Every structure is written in structure tokens, then in C-alpha cells.
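# Architecture at a glance
Read off the chains here:
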Amino acid sequence: ARDARGRCVRRRARGAARRSIARGGARRAERLMTLTALADAEVLNDDDNEGEGEGDEDDDDDDDESRALGVLQWRELTAQVRAHACTARGRATCGVALELGGDVERSRTLLAQTTAALRVGLEDDDFVGAKDVRMAVRGAENGRVLSGFTLSETFATCATQKALGRTLERFSSSDADVDDAFWGIERALSATPGDLMDEIARCVACPGGKVLDEASETLARIRSEQRDIREELKRLLNDTSREMARKNFAERAQIVTRLGRQCIPMKLGSAGELPGVVLDVSGTGNTVFKEPSTAVPLNNALTTLAAEEEAEEERILSELTTMVATYADILLAANDALAELDAANARARHARWLDGAAPTIVSVDSGIEVRQLQHPLLLERYLAPLPRRGSNGDDGTDAVEGWAAEAADVDVEAEDGGESETSTQPRREIKDVIPVDFNVDASIRTVAITGPNTGGKTASLKAIGIASLMARAGLYLPCDDGCRVPWFKRVIADLGDSQTLELDGGLSTFGAHLKSLQRILNAADADTLVLLDEPGSGTDPAEGASLAVAVLNKLSRNARLTVATSHYEEVKTATLASAVAQVAAVEFNLRTLQPTYRLLWGETGESNALHIAAGLGLSKDLIAEAREALAKADAEIEADASGDAAREKRAILASALGRESEVQTKRRAEAATYLSEARALLDDVKTQSAHLDLRQQMIKVDIENAVKIKLDEARELMAACETREELDEVARASLPDGWVIDASGEAVPGATSERAAFWSPEIGSKVIVRQLGSAEAEVIDVHVDTNEITVKLGTLTTRTSLASGVSPVKSKVSWQKR
């Protein structure tokens, strides 16, 4: 049941994240994607679970688009752009997956900002000092006093925002396009409060965060007095320490600090030669740290001034924090504008790095016109190395992996090194990444790409798919100028093998393919771009070809544009016969037996499997046998085309589809049952959790009340005490049974009060004598008749009464922590 709940929560979190990306909420989407990991640890509190059941269909649609973003490697493309951001906030705004415009106007706005950022040409130095100050500002709003360091970073961020606002204002005054694109951003940055910056700079060292003397007259007076007293104390202690060293009462003339007070280290036997207060004893017991009586008033004055200084600094920081809270909305808006500007500048720097062209985003009913399009991920290894910047936080590194793959029907995979392994070249001179032309008329609803294996069909699908996403995200395309790309609300793709090996209900390759096709058929609408790689594959060729034709026919009626690859002759024939379909072929050089990766529009291509096999070195005898078998199979197909065999195959196909439909219906019902049980379990867990929280709160209140009563009683008793002995008596009466107060005034485990009166140390044992401080002394003699003992501490030997404050050495544990 716990696993079912975790799967349910993870699915909802992923669905919400994908919807946020599609609607333009990339930052919220990034946060939601992290919730899936929390679900495994049972720490997710889902407060937004009303109406869960009614979103199942939306989740299926989101799953389809998420798969498309995965196979088109949108995250990898996002990593390229994120590497060009200059600030942590800019990288966080780019996120794991770049924002895709929720509508055509939003995409055009993003593209206009990219173009405007190219004209402004901001560099790293323009963003120096910018930080994410949202937490500090919100803390100020909630009454948390900001530290000097935080205020200095806030000042640096404000200064950067103000300077960027002036830069945008300067460009906007002479460029209407920049003004239109960055009008809101420029106003928000320029609104950064200058009086707040002036006040922070007057009171706090920037950088550093130390509160300056000039922050107030009171602080200046306090620090001036501190300096004078420190000088006087230094002179006094220097004279005294030299005198003690000269008389051999101290090892050397030295000034040290103990308990926050300056003192002089003295030899143990000579400590009485200097009037004053013992602050500490060394670990060996040979050195006593003594504060001369003449230094006590000066040290006291420094302690008092330090407290006054701290209070005054706190008052100044509190006033500055109040100013920050007053301007909270303006500061947050300016910091958001900074992040948006950095993200736009990252897109612009990516466009410059890619030598891209600005696409014209047209309505979904228009055609596609993209010439000499190269895949941006395949280009990465040949272009200048990407900047290596920090991660989405303030620290760490975000190594953007390099991409290296052949321009063929393979996924682009990350290199281990991350550095470009070839010399950089201008994009248009890179010959290893073959450009393709993609020109589709507005009347076309289906494009079938045919040709040999390893010829670049899937690479062409991915190129047009990622180009559509890039235009929607406001990015430039690696193609010739003048490109026109329709705004597709959704891109759905089925590329590669979806076979699963689960023991319970795992799908075969063909079953997974059918399930994916069914989802695509359900999700496709008039705003959808569908990308299919070999529909109908994985089964009997004749049946698969019939299925592919049927699927493409339905998509031509439902989807705005479908681009599919296929080897089937039936698909080629049906496409040529349709007025709303277009064919293209990947070129194959029969002389060299190598593909050229070029798209030839209006032509159909052969699979050329046997030619490719021969080119790869298969034996001539094997190739000849395969050609003979192919000719025989073609003859049989022609003979059976109009006979009983064809009808029987169609019947078998219908039966297989029916069985598959029944299996999928049964699995859907089982999944609905599991989902219902998981929701019931979640409700039960939430109810029990609420009861436990209430019980915990009641217990906490009872404990707090009991503690308050005990504290009030203790305060009343202590207020009535007039002497040290009375205080000791109150303390002893308050101790739990088995605890005593030792000579150092600490509560320690010990004998009960009845037994304490008969305690007598043994010769050789260690005790603590209150008169000698907290050091451990050795018992060298016991005088039972007078209730006294003789102890030795270093070279000092003294006799003391047991009643004057002698306790055994035990491990000290504060009873208050019990």
C-alpha cells in the first residue's frame, strides 16, 4: 500500500510539473519535480489533492508531452542555455527544463526579449555582485533581524540591479524594440530604492558587513571609549607582567585572556604576590591566571562597553532591517526582474554561441519553412566550449556535459570529459553535422520520411521537433535566416523501443508500441505536432503496414501535422495518393553505399538493407541468398494479394487487436482499483496523522505549563534569599534525589542528603576544594577527629574542613538537562 501511495504521489507531482512547464511556470515546475523524490521517503504532505480523479486524462496528455521532451533531449538543450546564465537566480530561472511559452504571445515575448538582449550585449561583469535576496527580504518581513553580511550582500545586489536598470534605460531610449521587450524589467530594476542603498552603505561595510562607527554617534562614542580603555589596560598589564617576570613570579611577561577578561599568567606558588582575582588554572596546575585588582575596573568597563556596543549594533541592524521590510515588494520585484533579464541574456548568448537565426513564430495553421537546419546538440562538440558555471544554488558547479554523436538514427549521448575535443569552428562551416531543409506547405497534414537504416530519418525527426520547442521557448535556431515555425501547443513523439520486462503485466515491444500509439491518437488535436518513428513496426510486415496507414490517416484528420518515418511501401503509396500528405526521402549513395543524410522532398526512398549489408562486409554468398529469398517473398505476396491469404491475414490482425484491446481494458480496470485503494489509504493516514499532531500539541502545552510553574516557584524562593547560604539551601532542596552541589557550584550525581553527612575521602583520592577553584586536588591526609583533610595542589599543600566545600571528583552532568 505504501508503494502504491508513493507511485500515485510521484505521478501527480510529475504531471503538475509538466503542466507548469507548458503554462510558463518553469520555476514552480522545478520545485514540483523534486517532490517525486520526497514521496519515496514518506515525507510528502500533499495539501492539494482535491479533485485528483478528474485529472487522470490530463496526466496522460502530460505523460505524452513529457516523453517527447525526453526523447527530444530538451533537458540537454536547456543545459546549454543555462550554462550561459551569469547568476544563480538566472540559472534557477532556466531550471531543469526551459519555460515553453503557454501561448503564442508568450513565446513571441520570450523571443523579443532574446533579440533585445542580443542588442544590449550584457556580459558577466554586468551581473557581478547579484545574489538571490528573496530569503533575506522575506525574513525581514517576518521580523528577523538581518546580519551585517546579509545587508552588505543586499546592497551589492541592489547596486547591480540599479546599474542594469540604467543600462536598459540607455538602450531603450534609442531602440524601440529593446524598450518594448524590457519595459517592465527596466522599470522594476530602476525602482530599486536608492535611499535604502545609501543608508546601508553609511552604516555597514560593503563588502564585509561590519557595522561602521559612522552608523551612529552612540556607537562612535562607545568604540572610542573602548579604544582608550584598551590602551590604558594594555599599558597597565604590560607594566605589571614585566614586574612579575622580573621578580620570577611569572615565567615571562605575558598578557592573556580568560573568561573574556585580560589577565597575567602567574606561577602557582607566587599567585598570592599579586593582589587580584584568579580567573583560571592551567591544566597542569602549575599556572594561575590572575587578574590584577588594578585591572578589574578597566576590564569591567570593557565588558560594559561591549554589551552597549552589541546592543547599539543590534539597534542599527534592526532599523536597516525595517527599511528592507518596508521596500520588500520593490526589492522582490527587482530581484525577479534581474532573474528574468539574466535568463533572457542567457538565451541571447546561446544564440550568439550557436550563430542562430531568429525564427518567425507563425500561427499553427501556417506551414514550416526552415532551411539548413542543424541539430544543436550535435553541434556542441564543434563549437566553442560552454562556460563552466555554478549550479542553481549560490555554490557548487554545474558541469554542462558535451555532446558527441554521429548524425544518424541514434540518441545523442554525453561525453565523459565535458570539454570540446575538437577545434572550434563557425557553425556554418561545420561539415560533420549535415543540415536539412524542412519546407512543408500549410495544406499538408502528414509527412512520411522514407529511406535506408542509418540514413538520418530519426535525426531529422528530432531536429524538427527540437526546433519547434526552441521557437516556443524564445530561442534562436541553428539554421539559415528567414525561418518560419508554427506555434504548436503540444509536441508528441514516439521514438525508439518501449518494451518493458516487468514480471506482472509487462508489455512486449509491439504491445508497448500499440499502447503508445493509442495515447497519441487520443491526445492529438489541431494544435499538436506528432513525431512517429516507424509506426506499425514490431509485428508482421503486412499487418504493420496496414496499421501504419490507418494510424497516419487518422492523425491526418486530428493532428495539425504528423511527421513519420517508415520503410513500408504501403505508407509510401498512401502518402503519394493523399492531397494532404507529402513524402521525403533520405538520400543514399549506391556507389559508396553510404547515406548522405540529406532530405529529398517529393521522393520516396528504398530501405537498401541489402546494399548496406554488403557495404558493411557481409559475405557475397549470404547477400545473394537474401536477394533470392526477397524475390521469392515478393512473388508470393503478389500471388496472395487478392486471395484467401490476404483475407486470412486481415482476420488474424483484427483478432490480435481485439485480444490486445481486452488485455488493456482489464489492466485499466485493475489500475483504477489500485488507485482507489491508494486514495483510501492516504485519507486514513492523514486522519491518524492529524490525531497524533493534536495529541502532541496537548502534551507540549501541559509540559510548558508545568515548567512555568516550577520556574515561578524557584524565582520566588530565590528572590526571598538574602545570603549565599540561603541560596545554596534552596538549590539543594530543589535537586532531584541522588544529586548534590559540588564545590564548584555544579549539580552532580552524588549521595543522598542522609548519606552525605558521613562521606569522608580516602588518602590518595581526588577532590574539589571550593576555596582552590575548580582544579582537582589530591588528599594526602585525613583528620577524622576534626573533620578536616590535607590536600596537595601542585606544590601547594593546605588543610581544609570538609564542611567548607569539599566534594569528590565525578563526571559532571547538569541536572537541569536530565
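This text gives an overview of the structure that appears in the document.

### Brief notes about the packing of aromatic side chains
- Applying the stated criterion to the full structure yields zero aromatic pairs.
- One cation-aromatic arrangement involves arginine 258 over phenylalanine 289; the distance from NZ or CZ to the ring centre is 4.1 Å.

### Topic: the nonpolar core
- Counting residues in each nonpolar core, the largest one holds 65 residues, and the members touching the most others are Trp74, Leu531 and Val563.
- With eight residues, the single largest contributor to this core is helix H15 (residues 457–472).
- In this structure valine 563 touches Phe438, Val447, Ile449, Leu461, Leu529, Val530, Leu531 and Leu532, once residues within four positions along its chain are discounted.
- By size, the runner-up hydrophobic cluster in this structure holds 22 residues, among which are Ala140, Leu219, Ile316 and Leu320.

### Side note on the sheet that holds strand E4 (residues 287–292)
- Read across the sheet, four strands follow the order E1-E2-E4-E3 without closing on themselves; strand pairing throughout is antiparallel. On the outer flanks of this sheet lie strand E1 (256–258) and strand E3 (276–281), each paired with one strand and no other. Across the sheet, the mean angle separating the axes of adjacent strands is 50 degrees when strand polarity is ignored.
- Here strand E2 (residues 261–267) runs beside E4; their pairing, made up of four bridges, is antiparallel. Counted as the bridge partner of proline 265 is phenylalanine 289 from E4.
- Across the sheet, helix H11 (residues 217–246) is in contact with E2 and E4; its angle to E2 comes to roughly 0 degrees.
- Contacting E2, E3 and E4, helix H12 (residues 296–326) crosses the sheet at an angle of about 145 degrees to E2.

### Some points on the sheet that holds strand E19 (residues 766–769)
- The strand order E22-E21-E20-E19-E23 describes an open sheet built from five strands, whose pairing is antiparallel. The sheet is open, and its two edges are formed by strand E22 (796–801) and strand E23 (806–808), each paired on a single side. Geometrically, the sheet is characterised by an average inter-axis angle of 45 degrees between neighbouring strands, direction not taken into account.
- Where E19 lies against strand E20 (residues 776–783), three bridges are found, and the strand directions are antiparallel. Looking at the pairing, lysine 766 lines up with glutamate 778 of E20.

Conventions and cut-offs
Residues numbered from 1 in each chain as written. Predicted model: local features only at pLDDT ≥ 70, side-chain atom pairs only at ≥ 80, totals over all residues. Heavy atoms only, no water. Phe/Tyr/Trp six-rings, centres within 6.5 Å; stacked < 30°, edge-to-face > 60°. Lys NZ or Arg CZ within 6 Å of the ring centre and 35° of its normal. Core = buried A, V, L, I, M, F, W, Y, C linked by side-chain atoms within 4.5 Å. Buried < 20%, exposed > 50% of the residue type's maximum accessible area, 1.4 Å probe, protein only. Helix = DSSP H or I, 4+ residues; strand = E, 2+ residues; numbered from the N terminus. Contact = heavy atoms within 4.5 Å. Pairing = 2+ DSSP bridges. Axes fitted to C-alpha atoms, helices over the stretch in contact; angles between N-to-C directions.

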